[in-house]
Amino acid sequence: MSGDYQRCSTCGEWGWFNSKFMAHQCKPAWECRMETGDDNWWIKIYALDGEEAAEKFADQWDCEGGEYAICSQTNGGAVVLVKKLGDPTFERWEVHGEMVPHYRAEKAVEDDAAD
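Just so you know, these numbers come straight off a predicted model, no measurement behind them. (Residues numbered from 1 in each chain as written. Predicted model: local features only at pLDDT ≥ 70, side-chain atom pairs only at ≥ 80, totals over all residues. Heavy atoms only, no water.)

Draft legend 1. Quick peek at the overall build of the protein. A count of helical and extended segments in the protein gives 1 helix and 6 strands. Start at the N end of the protein and walk to the C end: the helices and strands fall as β-β-β-β-α-β-β. For 115 residues, the compact-globule formula gives about 13 Å, and the C-alpha radius of gyration of the protein, at 21 Å, lies well above that figure. Each of the three principal axes of the protein carries a C-alpha extent, and together these read 75 × 50 × 20 Å. A buried classification covers 27% of the 115 residues belonging to the protein. (Helix = DSSP H or I, 4+ residues; strand = E, 2+ residues; numbered from the N terminus. Rg over C-alpha atoms; globule rule 2.2 N^0.38 Å. Buried < 20%, exposed > 50% of the residue type's maximum accessible area, 1.4 Å probe, protein only.)

So this is what it looks like as structure tokens:
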């Protein structure tokens, strides 16, 4: 297949560019913000629907600063406001996250001092 598989400079997704058979198309644009945030602080997110937009926003927002405020919520998550780009009305989405640890093992070296 001819073309370049690369990250889109607009939406950040990976896709085929310069291909005559399949070409990347950005998903629709949405605006999202935390319900408890500044009324004028909307972030553009590219997603197929409001649910995906809320999840993508939470993923980006939660890891900034390394605090993972949504994942560490014990009261059931956080509410994200989602609206179509330019639309004054919004939907409320409750988002939850979980921290998933990953483990690896290496064979322990025998300690000669234990003899």
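Draft legend 2. How the structure looks around the pattern of salt bridges. Within this structure, the stated rule accounts for 7 salt bridges. A salt bridge links Lys 27 to Glu 52; its shortest N-O distance comes to 2.8 Å. Taken together, the residues span a long stretch of sequence, with Lys 27 in the loop between β2 (14–17) and β3 (29–34) and Glu 52 in helix α1 (residues 50–63) at a distance of 25 residues. Residue Glu 52 is classed as buried on the basis of its relative accessible area of 18%. For Asp 39, the salt bridge goes to Arg 33, with nearest N and O atoms at 3.1 Å. Since its relative accessible area comes to 7%, Arg 33 is described here as buried. When salt bridges that share partners are traced, they join Glu 13, Lys 27, Glu 52 and Lys 56 into one network. (Salt bridge = Lys/Arg side-chain N within 4 Å of Asp/Glu carboxyl O.)

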